[in-house]
Amino acid sequence: MSPRDDRTDVLQGTLALMVLKTLDTLGPLHGYGIARRLEQVSGDAIRLNQGTIYPALVRLEQQGWIRAKWGASEHNRRAKFYALTAAGRRQLDAETERWSRVSDVVGRILDPGDAS
Amino acid sequence: MTALRRLAARLRELVTRGRVERELHDEIRHHLDLLAEDYVRRGWSPEDARREARRAFGGVDQAVEAVRDRRGFRLVDTVRRDVREAVRSLVRTPAFTLAAVLTLAMGVGVNTAIFTLVDAVLVRPLPYPAPDRLVALWETLPAREAVQPGAPESGGPPARVAVAPANLADYQARVGDLATFAAWSQVGRNVIGPGGPERLTGEEVTAAYFDVLGIPPATGRTFRADEFVPGRDAVIVLGYGLWQRQFGGDAGVLGRSIELDGGPREIVGIMPRGFVAASALDGDVDFWIPAAYPPDILAGRGEHIVEVAGRLAPGVTLDAVRQRLATVPGDIAREDPRSAGLGVAVDVLQADQVRATAPLLVALLWAVGLILVTACANVAGLLVVRAGTRTREVAVRVALGASRGRVLLALATESAVLATLGTAAGLALGSWTTAALVAAAPPGLPRLDSVTFGGRTLAFAAVLAAVTTILVGLLPAWRSSGTHPSSVLRSSGRGVTGAWLRRTRSVLLAGEIALSLVLLVGAVLMARSLATLNAVDLGFDPHQVLAARVSLDRARYEDADRRLAFFEAAEAAVRRIPGVRDVAFGNRLPLRGNWTSGMELRGADGAGVQAIAGFQAVSPGYLATFRLPLRRGRWIADGDRARAAQVAVVNEAFARELLDGADPVGRQFRRTDASPWATIVGVVGDVRRGGRTTGIEPQVYVPAAQTAQYPLWLSDVGIRTDGDPRAVSAQVRDAIWSVDPRLPVTLVRTLDETLALGQAEREFQTWLFLVFAGLALALAVVGTYGVVAYAVSQKTAEIGLRMALGAGAARVLGWVLRQAAAPVATGAAAGLVAAWFLSRFVASLLFGIEATDAPSYGAAVAVVTGVAAAAGLLAGRRATRVDPASVLK
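Computed from a prediction, not measured in an experiment: that's the story for all the values here.

Broken down by element type, chain A carries four helices and three strands. Shown N-terminal to C-terminal, the secondary structure of chain A runs as helices and strands in the order α-β-α-α-β-β-α. Within the span of chain A, comprising 116 residues, buried residues form 25% of the whole. Intrachain contacts of chain A at a sequence separation of at least 6 include 48% that bridge at least 24 residues.

All names here are of chain A. Spatial strand order, 1-3-2: three strands in an open sheet with antiparallel pairing. With one partner strand each, in any of the chains shown, strand 1 (29–30) and strand 2 (66–72) form the two edges of the open sheet. Pairing analysis gives seven bridges linking strand 2 to strand 3 (residues 78–84), with the strands arranged antiparallel. Residue pairing for strand 3: Ile66 is matched across the bridge by Leu84.

This brings us to the nonpolar core. Residue and element names in this part refer to chain B. Counting residues in each nonpolar core, the largest one holds 102 residues, and the members touching the most others are Leu517, Leu519, Phe772 and Ala776. Top element by residues in this core is helix 24 (residues 751–794). It accounts for 17 residues. Membership of the second largest hydrophobic core comes to 61 residues, among which are Ala570, Ala613, Ile680 and Val684.

The interface of chain A with chain B comprises 17 residues on the first partner and 25 residues on the second. For the side of chain A that touches chain B, the secondary structure elements donating two or more residues are helix 2 (31–42), helix 3 (53–63) and strand 3 of chain A. Examining the composition of the side of chain A that touches chain B, we find that five residues originate from one element, helix 3 of chain A, more than from any other. Grouping the amino acids of the side of chain A that touches chain B by side-chain chemistry returns six nonpolar, eight polar and three charged.

The next point concerns the environment of Arg77 of chain A. Mapped onto the secondary structure, Arg77 of chain A falls in the loop between strand 2 and strand 3. Among the residues examined, Arg77 of chain A registers 12 C-beta atoms within 10 Å and is labelled exposed. Leave out the neighbours within four places in its chain, and Arg77 of chain A touches Ala72 of chain A together with His30 of chain B.

With that settled, the discussion passes to the environment of Gly586 of chain B. Residues and elements named next belong to chain B. One can find Gly586 in strand 13 (residues 580–586). Here the alpha-carbon distance between Gly586 and Asp716, two residues 130 residues apart in the chain, equals 5.6 Å. Once residues lying within four places of it in the same chain are set aside, the contact partners of Gly586 are Gln616, Ala617, Val618, Ser619, Tyr622, Ala704, Leu714 and Asp716.

Now for the confidence of the model for chain B. Residues and elements named next belong to chain B. Mean pLDDT over chain B: 83, with 91% of residues reaching 70 or higher. The low-confidence segment residues 145–155, where pLDDT is below 50, has 18 contacts with residues more than four positions distant or belonging to other chains. Residue range residues 491–496 is modelled with pLDDT below 50. Its contacts to residues more than four positions away, or to other chains, number seven contacts. As a predicted assembly, this complex carries a pTM of 0.61 together with an ipTM value of 0.82.

Residue and element names in this part refer to chain B. Interaxial distance between helix 20 (residues 560–575) and helix 23 (residues 729–739) falls to 9 Å at its minimum, and their mutual angle equals 140 degrees. Taken as axis vectors, helix 20 and helix 23 run oblique relative to one another. You can see that helix 20 and helix 23 cross each other, and the crossing is right-handed. Between helix 20 and helix 23, the residues in contact are Phe566, Ala569, Ala570, Ala573 and Val574 and Val732, Ala735, Ile736, Ser738 and Val739, respectively.

It is worth spelling out helix 26 (residues 809–838) of chain B at this point. All names here are of chain B. Its 30 residues give helix 26 an end-to-end C-alpha distance of 42 Å, which sits within 8% of 44 Å, the value for a rise of 1.5 Å per residue. Remark: the principal bend of helix 26, roughly 35 degrees, maps to Gln819, with a proline, Pro823, within the next four residues. Buried within helix 26 we find Val812, Val816, Leu817, Gln819, Ala820, Pro823, Val824, Gly827, Ala828, Gly831 and Ala835.

Rules used in this analysis
- Residues numbered from 1 in each chain as written.
- Chains lettered and ligands numbered in written order.
- Predicted model: local features only at pLDDT ≥ 70, side-chain atom pairs only at ≥ 80, totals over all residues.
- Helix = DSSP H or I, 4+ residues; strand = E, 2+ residues; numbered from the N terminus.
- Buried ≥ 20, exposed ≤ 12 C-beta atoms within 10 Å, placed from the backbone.
- Contact = placed C-beta atoms within 7 Å.
- Pairing = 2+ DSSP bridges.
- Core = buried A, V, L, I, M, F, W, Y, C linked by C-beta atoms within 7 Å.
- Nonpolar A, V, L, I, M, F, W, Y, C, P; charged D, E, K, R; others polar.
- pLDDT = per-residue confidence, 0-100.
- Axes fitted to C-alpha atoms, helices over the stretch in contact; angles between N-to-C directions.
- Parallel < 35°, antiparallel > 145°, perpendicular 65-115°, else oblique.
- Left-handed = near helix turned anticlockwise from the far one by under 90°.
- Expected span 1.5 Å × (residues − 1).
- Bend = angle between axes of the 7 residues up to and from the residue.

What follows is the structure, encoded as structure tokens:
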């Protein structure tokens, strides 16, 4: 029953893709690890409120793309680790493919000279 | 599969919500700690690092809320709040709540009760392994010629008869290994039980019986193939009940013997507790014995004496078996011309067992379904009115930004709460009704003992609750949520929904009238057919007559003269009881069985013709005991004994049908080639031997004392008394035991009781329909009252104006009543059409009247419209009491 906002949906979709990619690259991570990695890789181009990754993680988990498990962190503290599932990997591949196609198309439209 | 698992995971989250939330907080705290440590490493002071971490995280509460949303917790919270609010608002209007809950409870109650019954009787599989492969096999013979025009039995399809063992052998041979058939017939045997002589019911079964049903004995064995031969068949398998009663459940009875009818039988096995015998529909079965048929039965194509069930081999269809069997009766008829017209029918056993009751139960399902719909319509009507009074509240909520879906959810929640309350109350009502139904149900409704108010009923009730919620709530909810806030808030809160409300209520009322009319037509049809039935003349006087059956031991009463001597002595003993007016005995008394036999009738020219008639051997007291009118000649006299001339008395139908109306007195006949010729000496009036629904058949009465004329054992005593016949039943038993104390006296019943028992099912059906129609009518009354009362309340000002302008009370009343007149008329018309279509479902339950009987429809319309008019008048009276002065001020 929550009101729909198209912009959050787009952002959520992008965030989801980035989280999946992060987990694919680095393996199982806890929430803080994922947030920090996103900031580092984007070179501060994306400044997100780190709290927003939690609803995104719940959604990915509900979709069956990631799996959460409690474990011990590097400092031997209890932490929840997220890992990519097989379905998540397939989703990542599909999304990556779609993303590059879209950005390719968008790129050609924005820079027609390249297309001729 | 994964979708299902995911759904399960989410539901689990909702249940373990507390833990999930705690874990989320842990997770976030961990995140903040790590973030803060990072800042500390970069040289921040611990306090600053902590603050900076919270800033970078961006609000813990928002994150938690967002996760909650994501997990669906918010919806749960909303629903919980709505439920609380709905309950609060229902409590605020107790009258409305009570009316709605009671109405729904009534609908749900009768539905769960009838569902429980239908489930047990029609749906639940038979208590045997692979019950769907069990079939019933019957033989059919051409229907008798029409005896009574208009009577349901006349003409029609071929009549089902029991199977001849001789023919069964042919069926089994032809069907080969596609199916195995087993036969049984119920037998009665005497045993001296712990409490005196007892009559036991058993089954005489063929070798395949236990295999076909698929249930092995609990201990011991069933019968060996060599035990189905006369002389070697003195073995018995006990039922669990008999084993407990007679032997106290002693495990050592195997190998011991039990005396049945004075002859010992070795106990070889005991069936498990709860084993349901093939003929258990007709009552409990105490024992099983092998069917060792004598040669004449094994060769007799016309000896239709056994019932047959079969088990199909795996993968074999019913049609395959039917095809194999189709030509067998023709072959039999070629070999035995008397079997001309023979047919064979195979059907699924369960369907076959319930074929008599299925139409009633299906009709009942329709009836209660209609009641539930009516109840829902009524509650929907109440809710619509309520929605009308709440229009402002809804409008305010919409104006304050609540989405249409949000308002809809709140209103739907309210109807769901109502439906749940109604269903809960209905379940209580239903379990009580089920018990009452089972107690009141007529005998012969199969498998009633398996009626339980269990999980399946609860599941059904849950479905009902859901359906009810939708039927009751969605219409008013959808309507209210569509309210435009501005128009409502601008107006005084009245008028916008007024017209719509009136229209909706009118439609609901029309529906209620139509439904109650349909049910009432059914009830009137049933009641009229019952009245028609009760008006049928039996031809004898059944009042103040007690009858009892004395089953003679096979071993001690093999000789017909001994049997006669016993009954003559018993008659004399019973006659000495004070208050006994007349006594008679015979092999079958009216309402207590029948016997039909072929005979050779000597024509006026002396040539013999074959004829079929009912036969009874009776004592001279029979005429006075049953008050039969003597039409011609004389009745059987004391002097008509074995050595005297063989005589008989016939009925009028005999003369009418077999002699073309000629005088039968002086004609001669013999039953078989071996029987002596007998002369007809008198004619008595016709009787309906089997009760009011049966026809009149040619009938021959032979003197019980002339035992050469009949083979059937004497068994029944009839006693006409001056006072209440039940008062002498104990003395009658003592009198019989004074002659032979080892004989069980059973079926001690007055003829009136037997008649009532035979009609019990019809009466039961009629009462059910009457009660249901009454319920529906009550709902329609509430509906009518509501419509008129609402019209009065909405139009008080207009009424006052009209009265001020000189309209009299009668005119005002007429004007108010017209509000309800159109929907009632429409509903009645629709109900008539629907009843006309639906009446075919009760057609098979009717006797002597058509399902389209116009007077019944007329009566139902008169009652429904009359009652609706009365309800309208009651509500409309308020209109005439409006004080014009106060309204116009």
